[in-house]
Amino acid sequence: MVDYKVTVFTTEQISAGTFNNVFIKLVGTDGESESEKLKDTSFLGHIPAGSVCNFTISCPVSIGELLLIEIQKQNFLWLIRNAWLPAKVKVQSPEGKTYTFPIYRWITDDKVHRFREGKALRVFDETHHLGKFNRKKELRMREEVYCWDVYAEGIPHTIKADNTSSLPPEVHFSFTKDIVFRWNILTRGVQMRLRGYYGNKKNWNDIDDINHVFWSKRTAISDYVQKHWKEDAFFGYQFLNGVNPMLIRRCTALPENFRVTDEMVSLHGQCSLEDEMKEGNIFLCNYKCLDEVELQEIDGKKQYLMAPLVLLHKIPDNKLMPIAIRLKQTPADDNPIFLPTDSEYDWLMAKMFVRSANFHEHEYSVHLLRTHLLAEVFAVSLLRNVPMVHPLYKLLKLHTRYTLQINVLARLHLISEGGVLSENSACNREGMITILKRSMSTMTYSSLCIPDDIAERGLGAVPNFYYRDDGLRLWDIIHSFVQRVLSYYYKNDDEVQRDTELQKWILDIFEHGFLSQAGTGIPEKLSTIHELVKYVTMVIFTCSAQHAAVNDGQYDYGAWMPNTPTTMQLPPPTTKGTTMVETIPNISTTVKGMVAMWLLSQPPSDFVALGDYPEEHFNEKDPCEAIKDFQHELKKLSAEIRVRNTSLEIPYTYMDPTEMENSVTI
Ligand code: FE2
């Protein structure tokens, strides 16, 4: 007889343990063992969370190189079925070789589950028929449980799931995250209801009264916003380092519908607009995606949303100052160009309409479409097309963590009819879909790759642009890491072309994420290692850094409602004298918007920072070392960002890698 020493690791998550019986069978190139019951358990056969259980499987003769293990969980006597979340299984063979089988998946039923050894294999690396067979079987099963659905025509497809319980257990929130998430929703909502703000349809008497709801949850930046929200320099600053750094671009020629003249603007000197455009000092933000979208009523009142154009000037002290605003796209007598020389009230109102437009552009186009929905497409296509043993699965799995569940929750509670976001924004659901559809045309491949995006928008030389500075550094660090891992597995371009699973993943994203629109520039196939590395960098960057940049500051910049009105109750003034409090959201809408932004920018429980891979899917030396070096580089960047921030009036923390998550989880 020969002995195989088996060690079973259960994850440390609460409720990861099981009272059920667990059986393990080893399958090798020359045979297989009996299915043996795991005996080294605690009282009553319990396998606790975080436990390490050892036992021995004996075979008459060696079964050769180990290919996979079979795990089956069976109910123990009368006890109800009880899920189990194993981490990995290690096996020491009689020949002295150690094999590791990564699992990190809930086992909920009593079926036989097969897990491959940890060495990454592409489809053409498979030499044994059992490996080939299980690879196909795994993908067939995944295609059945991860199905595409169409939430609305013209926008990226989603996972088919009516609610979170219809998602496969392997993509569920952990127990801790689920509880904290529900607790946050409950407590914040109850607090506001108790104080009588929910359902209070009255207008604010005075802007300062908003302080009554602003009291309990403040951040250093939300306090700064409250003090400075009226200032032009702060208004300009937010286009670079606020929650939406994606709209601003260098202006080289004024649009037809925004003919600002030298007579209108004072450029802090004698220069002309033309000269300043040539110097690269003029910038434009055009909210044309919001033009004439379908609007709704809130508390019986029609709501208003503009589609502004904003012209900004970089002045000699490096501040970005707004110099002209037109609130609607079509020039008309009742659509004037507002200027800083207008009355203080008119200019402030124009800026508030821009900030309200920015809320819609940011939430729907930048945050929802370009991070949440895209990350979901990346996740579903990975799960459908790439088996666990593939290096891409091992590299990307943790960058898809919790994304499917958070997006299902968003569709149920945030952007649904009566959802927290849709209920308090100016547009109705059709309006939201219109914005998303229009924004699809701006979601090009190059706009998702920050070096290309910054170059295309002409923002390479803009001073004090921390989203760009930190984002480019992060892109380079992620790119180096991805290059190191993938070039370990792919030795030439031919291997990329021959990897049918990889190519199917790419095609699925092209078809379901970009709706087969070749004009977006998103590849439908990859030909070289260079292309693959860039693409995978884009995926990781989008799921981590980009999402953090457009998500984590929502409360900072949105809590003080006048800086981010979620809707407007009156059209822009065409005559003077309209009071501001009649135009901004009423008490109930203000509070609901504030609660939504608070929930969306909560530090997540069960946090996994960018570069942390608590699930050990790789067990080869090179990728494991690449992960360590990646983490080291991220820590170095974090330290540099922290030092830089000490000298900034407003610290830019959203792209600090130790503060951002590996995936879209909130
Ligand atoms: Fe988010």
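Reference entry: report on the structure contained in this document.

On to the overall build of the protein chain. If you tally the helices and strands in the protein chain, you get 21 helices and 18 strands. Across its three principal directions, the C-alpha atoms of the protein chain cover 95 × 55 × 45 Å. Considering the protein chain as a whole, with its 666 residues, one finds that 60% of them fall into the buried category. Just so you have it, the protein chain exposes about 26,600 Å², and 52% of that area is on carbon and sulfur atoms.

This brings us to the coordination of the iron ion. The coordination sphere of the iron ion, as far as protein atoms go, consists of His367 (NE2), His372 (NE2), His547 (NE2), Asn551 (OD1) and Ile666 (O), spread over 2.2 to 2.4 Å. Coordination of the iron ion draws on donor residues from a single chain, spaced H-x4-H-x174-H-x3-N-x114-I in sequence. A residue pair is termed long-range when its members are at least 10 positions apart, and Asn551 in helix H17 (residues 529-551) and Ile666 in the segment after helix H21 (621-646) qualify at 115 residues. According to the relative accessible area criterion, Asn551 is buried, its value standing at 0%.

What follows covers the pattern of salt bridges. Pairs may arise between side chains of opposite charge once their charged atoms sit close together. One pass over the full model with this rule turns up 35 salt bridges. Its salt-bridge partner being Asp629, residue Arg484 comes within 2.6 Å of it at the nearest N-O pair. In this pair, Arg484 is assigned in helix H14 (residues 466-489) and Asp629 in helix H21, connecting sequence segments 145 residues apart. For Asp629, a relative accessible area of 37% corresponds to the partly exposed category. Through salt bridges with shared partners, one network takes in Lys25, Glu32, Glu70 and Arg114.

It is worth spelling out the sheet that holds strand S5 (residues 52-59) at this point. With respect to topology, four strands assemble into an open sheet ordered S5-S1-S7-S8, the strand pairing being antiparallel. Edge positions in the sheet fall to S5 and strand S8 (98-102), since each of these pairs with one other strand and no more. Each strand axis lies, on average, 20 degrees off the axis of its neighbour in the sheet, ignoring direction. Relative to S8, strand S7 (residues 86-92) runs antiparallel, the two being bridged by five bridges. Counterpart to Gln92 in the pairing with S8 is Thr98.

Next up on the list: the nonpolar core. Judged by nonpolar contacts, the single largest core of 190 residues is most densely connected at Ile71, Val89, Trp505, Tyr535, Val536 and Met538. For this core, the leading source of residues is helix H7 (residues 344-385), giving 22 residues. Dropping the residues within four chain positions of it, Trp505 is found in contact with Phe378, Ser381, Leu382, Asn385, Val386, Leu392, Leu396, Tyr535, Val536 and Val539. Membership of the second largest hydrophobic core comes to 16 residues, among which are Leu254, Ile323, Ala324 and Ile337.

Together, Lys132, Lys136, Lys137 and Arg140 make up a region of like positive charge exposed at the surface. Residue placement: Lys136 occurs in helix H1 (residues 129-145).

Okay, the pairing of strand S6 (residues 66-74) next. For S6, a buried count of seven out of nine residues is recorded, marking the element as mostly surrounded by other parts of the structure. Pairing analysis gives eight bridges linking strand S2 (residues 21-28) to S6, with the strands arranged antiparallel. Looking across to S6, one finds that Val22 is bridged to Lys73. Bridge count between S6 and strand S9 (residues 112-116): five bridges; the pairing is antiparallel. Paired with Ile71 across the strands is His113, a residue of S9.

A few words now on the side chain of Arg116. By the element assignment, Arg116 lies in strand S9. Only 2.8 Å separates the side chain of Arg116 from the side chain of Glu126, close enough to count as a polar contact. If sequence neighbours within four positions are ignored, Arg116 has contacts with Leu67, Leu68, Phe101, Pro102, Leu121, Glu126, Gly131 and Val389.

Now for H17. Here H17 spans 32 Å end to end across 23 residues, near enough to the 33 Å set by a 1.5 Å rise per residue. By the largest-angle criterion, Thr542 marks the main kink of H17, which is about 45 degrees. In terms of burial, H17 is largely enclosed, as 20 of its 23 residues are buried.

Going through the model one piece at a time under the given rule, you end up with 13 aromatic pairs. With a centroid separation of 4.1 Å and an interplanar angle of 0 degrees, the aromatic rings of Phe481 and Phe630 are classed as stacked. Here Phe481 is found in helix H14, whereas its partner Phe630 is found in helix H21, with 149 residues between them in sequence. Each member of the pair Phe481 and Phe630 is classed as buried. Clustering of aromatic rings is evident, with ring pairs tying together Tyr224, Phe234, Tyr237 and Tyr557. One Lys or Arg, Arg429, reaches over the ring of Tyr151 and ends 4.8 Å from the middle of that ring.

Turning our attention to a negative patch on the surface. A grouping of Asp262, Glu263, Glu274, Asp275 and Glu279 is seen on the molecular surface, where their side chains present a negatively charged patch. What makes Glu263 exposed here is its relative accessible area of 72%.

Time to look at the environment of Tyr466. Relative to the assigned elements, Tyr466 resides in helix H14. Along the sequence, Tyr466 and Pro102 sit 364 residues apart, while their C-alpha atoms lie 39 Å from each other. Residues within four places of Tyr466 in sequence aside, it is in contact with Tyr237, Asn241, Gly471, Arg644, Leu648 and Tyr652.

Parameters at a glance
Residues numbered from 1 in each chain as written. Predicted model: local features only at pLDDT ≥ 70, side-chain atom pairs only at ≥ 80, totals over all residues. Heavy atoms only, no water. Helix = DSSP H or I, 4+ residues; strand = E, 2+ residues; numbered from the N terminus. Buried < 20%, exposed > 50% of the residue type's maximum accessible area, 1.4 Å probe, protein only. Areas by Shrake-Rupley, 256 points an atom, 1.4 Å probe, with all protein chains shown as cover. Donors = N, O, S within 2.8 Å, 3.2 Å for Na, K, Ca; no water. Salt bridge = Lys/Arg side-chain N within 4 Å of Asp/Glu carboxyl O. Pairing = 2+ DSSP bridges. Axes fitted to C-alpha atoms, helices over the stretch in contact; angles between N-to-C directions. Core = buried A, V, L, I, M, F, W, Y, C linked by side-chain atoms within 4.5 Å. Contact = heavy atoms within 4.5 Å. Patch = residues over 30% accessible without salt bridge, like charges linked within 9 Å, V, L, I, M, F, W, Y side chains within 5 Å. Lys, Arg positive; Asp, Glu negative; His and termini not counted. Charge placed at Lys NZ, Arg CZ, Asp CG, Glu CD. Polar contact = N/O pair within 3.5 Å; in protein donor to acceptor, adjacent residues only side chain to side chain. Expected span 1.5 Å × (residues − 1). Bend = angle between axes of the 7 residues up to and from the residue. Phe/Tyr/Trp six-rings, centres within 6.5 Å; stacked < 30°, edge-to-face > 60°. Lys NZ or Arg CZ within 6 Å of the ring centre and 35° of its normal.

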